[in-house]
Amino acid sequence: MQKLNDLSRSLTALEPDGTLIAVIEMSLSSWLVAGIVPGIERQPLKKLAVDESALLKLLHRWREEAEKAGRRIERIAVAFEAGRDGFWLARWLKARGIEAYVIHASSVAVSREHRRAKTDRLDTELLKRSFLGWLRGERDHCKMVEIPTMKDEDAKRPNREHDSLIGERSRIVNRMKAALVRLGIRGFNPKLKRASTRLDGLRTPEGEPIPPNALAELRRDMERRRLVNNQIRQIEEERLKRIEQAPCDGPHVMVRLLARVMGVGIETADMLVHEVLSRNMRDQRAVARYAGLTGSPDESGRKRREKGLARSGNTRVRRGMIQLAWRFLLHQKNSALTKWFRSRTENARGTRKPMIVALARKLLIALWRLVREGIVPDGVVFRAAQ
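Draft legend 1. Summary view of the packing of aromatic side chains. Counted according to the given criterion, the structure contains four aromatic pairs. Between F131 and W134, the aromatic rings sit 6.3 Å apart at their centres with planes inclined by 20 degrees, giving stacked as the arrangement. Here F131 and its partner W134 are both found in helix α3 (residues 120–135), three residues apart, which amounts to about one turn of the helix. As far as burial versus exposure is concerned, F131 and W134 are alike and both buried. Here the aromatic residues Y101, F131 and W134 are joined through ring pairs into a cluster of three or more. Over the face of the ring belonging to W340 we find K362, whose NZ or CZ atom lies 4.9 Å from the ring centre.

This is the structure we're talking about:
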């Protein structure tokens, strides 16, 4: 089982003479692999095609070179930055007995020069220094990203696809309304069921019908919106089926518990559980930091100011929690969190928006304690169990 604090530093003692260290600078077309090989004075650098088998052969070749130099390699540690390739390579390497780590890209310190040189070769040198310090157990060289299983990654897909389809549906509706406004037609709701049958009866201010090309475009947009609606409905129905088929599954238990809180729907509960609440967080500060709901102070000498939200965490969680905080004020009027919010905003103008972020942070921590420790927030009302 993974330890709670093993992402900021390595807890395994580093044996330099028996550890082969490699870092990978990854791109869509090639991989640049840099290594630290015991017994070899040079630090090899090899450019490979995007091929995991070639990478494995290269690591084994470097191990053979170290053994010829009189070093017995008992550990191979590989690291690369989190990016577009995701975590599949780390899982693939671990399945073949190689330690694989994914570095949080924003945790690597870089030069503050206005125009600093940046190449793949220099990036590998920077990654090697950061990764080597992390392996020695020193803090703040870099931070690692928790590598999820394939099941955990796949569990996030329905909610993220649902979010993408909701945005696509809004873009289609806005495009249709804009096309009608250009013709001078207002007050037409393209989201109604019978909207397509009313298109032929619409008239411009000049009394003319909608031009044929614009009419054809509107009909295609309505068909596209109908398809998106069907896909959204399928995702929602399949989610309910999964929860009904395995109600005692760990994440499903959390989703069902959160959905009982008044103001929290099944969609929000599913998003929160799979994006943040099911993760192995260290404490409440880590939870708030992961959601990007913490501040970013700028303090030096006498200067004391706040630059606003860090926004370095999960965008979906941050956006969802701020929306949930507004709903929470409507549905949980007698809760301690709502009273806390009202006591600080009722006599202070212009504080509702900043304070809603603070409420979202407190609410996220309260929900994390609810699903993890069973601590019910004061005054929160639940729906009846189904």
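Next comes the rest of the description.
Draft legend 2. Geometry of a negative patch on the surface. Negative charge collects at one region of the surface, where E161, E236, E237 and E238 lie side by side. Of all the elements, helix α6 (residues 212–245) adds the most residues to the negative patch, at three residues. Locating E236 in the fold gives a position in helix α6.

Draft legend 3. Representation of the pattern of salt bridges. Evaluated as defined, the whole model comprises 23 salt bridges. A salt bridge links E275 to R160, with the nearest nitrogen and oxygen atoms 2.8 Å apart. Taken together, the positions of E275 in helix α8 (residues 266–277) and R160 in helix α4 (residues 150–182) put the pair 115 residues apart, joining distant regions of the chain. The exposure class of R160 is partly exposed, given its relative accessible area of 21%. Residue R226 pairs with E223 through a salt bridge whose shortest N-O separation is 2.4 Å. Taken together, the residues span about one helical turn, with R226 and E223 both in helix α6 at a distance of three residues. The class of E223 is partly exposed, set by a relative accessible area of 47%. Among the charged side chains, a network of salt bridges with common partners joins R42, R61 and E65.

Draft legend 4. Here's a closer look at the environment of K307. For K307, the position within the fold is in strand β8 (residues 303–309). Take K307: its relative accessible area is 52%, and that puts it in the exposed class. Separated by ten residues in the primary sequence, K307 and P297 have C-alpha atoms spaced 6.0 Å apart. Every residue in contact with K307, bar those within four places of it in the chain, is listed here: S296, P297 and D298.

Draft legend 5. How the structure looks around α3. With 16 residues, α3 ought to run about 22 Å at 1.5 Å a step, and its terminal C-alpha atoms sit 22 Å apart, in line with that. Regarding α3, the residues found buried are D123, T124, L126, L127, K128, S130, F131, G133, W134 and L135. Contacts made by the buried residues of α3 are with β1 (19–26), β2 (30–36), β3 (45–49), β4 (75–81), β5 (99–103) and β6 (144–145). One or two positions beyond α3, positive phi appears at G137, with a value near 90 degrees.

Draft legend 6. Quick peek at the environment of G35. Take G35: it is sitting in strand β2. Put simply, G35 and E138 are 103 residues apart on the chain and 20 Å apart in space, counted from C-alpha to C-alpha.

Draft legend 7. Region of the structure containing the side chain of S107. By the secondary structure assignment, S107 is in the loop between β5 and α3. A distance of 2.9 Å separates a polar side-chain atom of S107 from the backbone nitrogen of K143. Discounting chain neighbours no more than four positions away, the residues touching S107 are H141, C142 and K143.

Draft legend 8. Representation of helix α10 (residues 315–331) within the structure. Taking 1.5 Å per residue, 17 residues should reach 24 Å; α10 reaches 24 Å between its end C-alpha atoms and fits that length. Those residues of α10 that sit buried are V317, R318, G320, M321, L324, A325, F328 and L329. Those residues of α10 hidden inside the fold are in contact with α8, β8, α11 (336–345) and α12 (352–373). Near the N-terminus of α10, the side chain that reaches the backbone nitrogen of R316, with its oxygen 3.0 Å away, is that of N314.

The rules behind these values
- Residues numbered from 1 in each chain as written.
- Predicted model: local features only at pLDDT ≥ 70, side-chain atom pairs only at ≥ 80, totals over all residues.
- Heavy atoms only, no water.
- Phe/Tyr/Trp six-rings, centres within 6.5 Å; stacked < 30°, edge-to-face > 60°.
- Helix = DSSP H or I, 4+ residues; strand = E, 2+ residues; numbered from the N terminus.
- Buried < 20%, exposed > 50% of the residue type's maximum accessible area, 1.4 Å probe, protein only.
- Lys NZ or Arg CZ within 6 Å of the ring centre and 35° of its normal.
- Patch = residues over 30% accessible without salt bridge, like charges linked within 9 Å, V, L, I, M, F, W, Y side chains within 5 Å.
- Areas by Shrake-Rupley, 256 points an atom, 1.4 Å probe, with all protein chains shown as cover.
- Salt bridge = Lys/Arg side-chain N within 4 Å of Asp/Glu carboxyl O.
- Lys, Arg positive; Asp, Glu negative; His and termini not counted.
- Charge placed at Lys NZ, Arg CZ, Asp CG, Glu CD.
- Contact = heavy atoms within 4.5 Å.
- Expected span 1.5 Å × (residues − 1).
- Polar contact = N/O pair within 3.5 Å; in protein donor to acceptor, adjacent residues only side chain to side chain.

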